[in-house]
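# Working through the structure, step by step
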Protein chains: 2
Amino acid sequence: MASIKDVASRAGVSVATVSRVLNDHPAVRPDTRTRVLEAVAELGYRPNAVARSLRTDQTRTLGLVISDVLNPFFTELARSVEDEARALGYSVIIGNADERPEQQDHHIRTLLDRRIDGLLVSPTDGGSPLILDAVRSGTPMVFVDRWIPGIGNDVPVVRTDGCDAVRDLVAHLHGLDHRRLAIIAGPAATTTGRERVRAFREALAAFGLPLPDEYIGQGDFQADSGRRAMARFLDLPVPPDAVFAADNLMALGAMDEIRARGLRVPDDIALAAFDDIPWFLHTDPPITAIAQPTGELGRAAVRSLIDRVEGRPAPSVTVSARLVVRRSCGASEGSPR
Amino acid sequence: MASIKDVASRAGVSVATVSRVLNDHPAVRPDTRTRVLEAVAELGYRPNAVARSLRTDQTRTLGLVISDVLNPFFTELARSVEDEARALGYSVIIGNADERPEQQDHHIRTLLDRRIDGLLVSPTDGGSPLILDAVRSGTPMVFVDRWIPGIGNDVPVVRTDGCDAVRDLVAHLHGLDHRRLAIIAGPAATTTGRERVRAFREALAAFGLPLPDEYIGQGDFQADSGRRAMARFLDLPVPPDAVFAADNLMALGAMDEIRARGLRVPDDIALAAFDDIPWFLHTDPPITAIAQPTGELGRAAVRSLIDRVEGRPAPSVTVSARLVVRRSCGASEGSPR
DNA sequence: CCTCCTCGTGGAATCGATTACAAAGAGGAT
DNA sequence: ATCCTCTTTGTAATCGATTCCACGAGGAGG
């Protein structure tokens, strides 16, 4: 592949001049500029980003480590992140942790080795030593969706606050005469895992409803765990009459289990989920869900990170989720307010 | 961040020696090696991959340009590609073309600028000049899923052959007394867009069934186009009694339209799709689909590409799809053969 | 004791860019 | 003609690694 030297000799100038033309440095005579650009075109020259990065100490690349690519929420997030980054002149390298801390660490390590300019992380755990290292190493970092408490001062957090939406959901369920409400929680090591339970518990309290321990199923954000949690609920002497799954995959698993037992949603049991995804429109029945503004989340995270990368102060951002009512809790379609 | 020089001076050796230790060069005295490794550990040193790439002219990175991240088929493909690549010591940079040729070109260009070692492409079009350039530039390349005819000699193709499965599907539909079969096709610019129509047409012919032009809907692999195509079918004086969508998103759109008109699957019209995805189990009704061995496809593509990258001959690979019968065509669940 | 090898190590070139600094040339002021 | 300034260009250092080559020490063989 042609290098800057080839261009220089073809245009009859030095490499410095070629570099200046390429970087729009003003001190180049117009006719020199044209000669260089001609040489560039003739050779089909493209600057070597590796060499450039080495010299300038910036890669114009961001890293994004997400918890699970197969979860539509995260792929939509990844998509919006990439879109916004591209618009701002950055590329994105995506690492999929698959909800496994060691795989997350692997990705963080290789991204750091590649000297990405900034790192967007949705941590799968409570904070591995490597993440703390990464923060200290000085690479700009922003948490998105999930975060790790305790390093909030150094690392902005871009997330969704679902409290109001969870309250709306509980109100919706209550209004449909559901009184025995249960939740399938995410891993306690993640903030989203804990917070959604907390919000749910508080909302229940506001309606004077209890949340007994056996109505808290422990899941791991994967479909199978939702299925198992639902099985345990249904095996209880007094099963819940409504179940809230803390993410879309667990809701899917829960629905499997319900169907496998010949029960029906919402007649036999109501079901709702955190995270709205296009497929929820097409399930049987369509699923009531709490929708995060995923695109907005991703774009805000990128802007925040790039602010940091370029030396500006980076804001933490919190956006709000909203309830999308469908038929899985017994109501007819239509959204509140 | 610490560089190799810092390690060298801390260990009291030259940078050459440090480099030898890091690369497992045998000609290093054991005690020197330990001293160096200690210095590495104390400084938390990690080699700069950018500098290394510049010198060695290899990045140990592969590029993957897919047509649409929001399509579960492609995210599963991306996942398996990344898994296999990681196992073989490579990273993957994913570019999402969003079915737009210019965005595809953007990604190919930046990947090439980054001097990735090899490129995996599922082209959105019939071959932009840039792709041809990329091939000529000598960067190892492999097509996955879709390909571009005419440059097959230089570029291996790893794909699924769905002919048998399509024939099984047609037999299945025929067995359920469907006689007016229609297809929602993908873009004619893509190989998968054309091939699935061809396979369908041939299978129909084998059963003595016609495929009139008005039974060929033109889609673009996105949900909306599926919806429009289905609308046109349903507006025909004699609508089809079974529709085969050439990908999962168009099937989804088609189902929307059917539902919006108050019709039911499979009672009023049968529906089947190319590409099986987990969600098809949960739609109403579960959708009969042709399943590609997506993981296998991705892994084979990576192995083929890496063969090429490392100078071995790279095979083209064709795997077979199979029919997964569910309820959307009228049969009860269970798979043929 | 001298020569020749082998082993371990360091010096320096190199990859392809950017950029500080120097220098050459043009043009204007005196 | 001389000096100064400004514009345009080239030379060379630099980023952080890898790797060729040379060199010194030590052992083997004569």
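Predicted model only: the values in this text are computed from it and were never measured.

## As for the pattern of salt bridges
All names here are of chain B. Counted under the stated rule, the structure contains 51 salt bridges over all chains. The partner of Glu 84 in a salt bridge is Arg 303, and the shortest N-O contact between them spans 3.3 Å. Linking Glu 84 in helix α5 (residues 72-87) with Arg 303 in helix α12 (residues 294-309), this pair joins segments that are 219 residues apart in sequence. Residue Glu 84 is classed as buried on the basis of its relative accessible area, which comes to 14%.

## Focus: the sheet that holds strand β5 (residues 157-161) of chain B
Sheets are built from strands paired through backbone hydrogen bonds, the pairs being either parallel or antiparallel. Residues and elements named next belong to chain B. What the 6 strands build is an open sheet, ordered β2-β1-β3-β4-β5-β11; its pairing is parallel. In the strand order of this sheet, the two ends are held by β2 (91-96) and β11 (317-320), each with one partner. Neighbour to neighbour, the strand axes of the sheet diverge by 20° on average, direction disregarded. Two strands pair when backbone bridges link them, and strand β1 (residues 61-66) and β2 are joined in this way by 6 bridges, in the parallel orientation.

## Quick notes on helix α4 (residues 49-56) of chain B
Of the residues flanking the start of α4(B), the one acting as N-cap is Asn48(B), its side-chain oxygen 2.8 Å from the backbone nitrogen of Val50(B). Immediately downstream of α4(B), the backbone of Asp57(B) shows phi near 60°, a positive value.

## Quick look at the relation of the copies chain B and chain A
One copy of the chain maps onto the second through a rotation around an axis plus a translation along that axis. Screw-axis analysis of chain B against chain A gives a translation of 0.0 Å along the axis, an RMSD of 0.1 Å, and a rotation angle of 180°. Interpreted geometrically, this transformation is the action of a two-fold axis. Minimal C-alpha distance to the rotation axis in chain B is attained by Thr283(B), lying at 2.1 Å. Taken together, the interface assignments show that 100% of the residues at the interface of chain B recur at the interface of chain A, consistent with an identical surface on both copies.

## Re the packing of helix α10 (residues 223-235) of chain A against helix α11 (residues 248-260) of chain A
Residue and element names in this part refer to chain A. At a closest axis distance of 6 Å, the pairing of α10 and α11 adopts a crossing angle of 45°. Of the possible angle classes, the one that applies to α10 and α11 is oblique. In terms of crossing hand, the pair formed by α10 and α11 is right-handed. Note on element contacts: α11 touches α10 through Leu 249, Met 250, Gly 253, Ala 254, Asp 256, Glu 257, Ile 258 and Ala 260, opposite Ala 223, Ser 225, Gly 226, Arg 227, Met 230, Ala 231 and Leu 234. Here the residues of the contact of α10 with α11 sort into 9 nonpolar, 3 polar and 3 charged.

## Let's talk about the packing of aromatic side chains
Any pair of aromatic rings gets described here by the distance separating the centres and the angle formed by the planes. Here the structure, examined in full by the defined rule, presents 11 aromatic pairs over all chains. On the numbers, 6.0 Å between centres and 0° between planes, the contact of Trp279(A) with Trp279(B) is stacked. One end of the pair, Trp279(A), is in the loop between β9 (270-274) and β10 (288-291); the other, Trp279(B), is in the loop between β9 (270-274) and β10 (288-291), on a second chain. The pair formed by Trp279(A) and Trp279(B) is uniform in burial state, with each residue classed as buried. The ring of Phe274(B) has Arg196(B) lying over it, and the distance from NZ or CZ to the ring centre is 3.7 Å.

## Comments concerning the environment of Arg264(A)
Residue and element names in this part refer to chain A. Relative to the elements of secondary structure, Arg 264 occurs in the loop between α11 and β9. On the accessibility criterion, Arg 264 (52% relative accessible area) is exposed. In sequence terms Arg 264 and Ser 328 are 64 residues apart; their C-alpha atoms lie 9.6 Å from each other. What Arg 264 contacts, discounting residues up to four positions off in sequence, is Ile 258 and Ile 269.

## A few points about the protein's contact with DNA strand C
Close to DNA strand C lie 26 residues; Ile4(A), Ser19(A), Arg55(A), Thr17(B) and Thr32(B) are nearest. The contact atoms of DNA strand C, taken as those within 4 Å of the protein, divide so that sugar and phosphate hold 61%. Contributions of two or more residues to the surface near DNA strand C are made by α1 (4-11), α2 (15-22) and α4 (49-56) of chain A together with α2 (15-22) and α4 of chain B. When residues of the surface near DNA strand C are assigned to their parent elements, the largest contribution, 5 residues, is made by α4(A). Per-class residue counts for the surface near DNA strand C are 11 nonpolar, 9 polar and 6 charged.

## A few points about the protein's contact with DNA strand D
Residues in contact with DNA strand D amount to 27 residues; listed here are only the nearest, Thr32(A), Ile4(B), Ser19(B), Asn48(B) and Arg55(B). The protein-proximal atoms of DNA strand D, defined as those within 4 Å of the protein, are 58% sugar or phosphate. At a separation of 2.9 Å, a phosphate oxygen of DNA strand D approaches a polar backbone atom of Arg29(A). Ala51(B) has a polar backbone atom sitting 3.4 Å from a base nitrogen of DNA strand D. Considering every element that reaches the surface near DNA strand D, the biggest residue donor is α4(B), with 5 residues. Broken down by class, the residue content of the surface near DNA strand D amounts to 11 nonpolar, 9 polar and 7 charged.

## Topic: the packing of α2(B) against helix α3 (residues 30-43) of chain B
All names here are of chain B. Two numbers describe how α2 lies on α3: the axes approach to 10 Å, and their chain directions differ by 90°. Taken together, the axes of α2 and α3 are roughly perpendicular relative to one another. Taken together, the residues of α3 that come into contact with α2 (itself represented by Thr 17, Val 18, Val 21 and Leu 22) are Thr 32, Arg 33, Val 36, Leu 37 and Val 40.

## Quick notes on the environment of Ala87(A)
Turning to its location among the elements, Ala87(A) is positioned in helix α5 (residues 72-87). By relative accessible area, Ala87(A) is classed as exposed at 63%.

## Things to note about the pairing of strand β8 (residues 242-245) of chain B
Residue and element names in this part refer to chain B. Of the two faces of β8, the one lined by Ala 242 and Phe 244 and the one lined by Val 243 and Ala 245 are each fully buried. The pairing of strand β6 (residues 181-185) with β8 spans 4 bridges and is parallel. The partner of Ile 184 across the bridge, within β8, is Ala 245. Two strands pair when backbone bridges link them, and β8 and β9 are joined in this way by 4 bridges, in the parallel orientation. In the sheet register, Ala 242 faces β9, and the bridge partner there is Ala 270.

Conventions we followed
- Residues numbered from 1 in each chain as written.
- Chains lettered and ligands numbered in written order.
- Predicted model: local features only at pLDDT ≥ 70, side-chain atom pairs only at ≥ 80, totals over all residues.
- Heavy atoms only, no water.
- Salt bridge = Lys/Arg side-chain N within 4 Å of Asp/Glu carboxyl O.
- Helix = DSSP H or I, 4+ residues; strand = E, 2+ residues; numbered from the N terminus.
- Buried < 20%, exposed > 50% of the residue type's maximum accessible area, 1.4 Å probe, protein only.
- Pairing = 2+ DSSP bridges.
- Axes fitted to C-alpha atoms, helices over the stretch in contact; angles between N-to-C directions.
- Polar contact = N/O pair within 3.5 Å; in protein donor to acceptor, adjacent residues only side chain to side chain.
- Least-squares fit on C-alpha atoms with pLDDT ≥ 70 in both.
- Contact = heavy atoms within 4.5 Å.
- Parallel < 35°, antiparallel > 145°, perpendicular 65-115°, else oblique.
- Left-handed = near helix turned anticlockwise from the far one by under 90°.
- Nonpolar A, V, L, I, M, F, W, Y, C, P; charged D, E, K, R; others polar.
- Phe/Tyr/Trp six-rings, centres within 6.5 Å; stacked < 30°, edge-to-face > 60°.
- Lys NZ or Arg CZ within 6 Å of the ring centre and 35° of its normal.
- Near = heavy atom within 4 Å.

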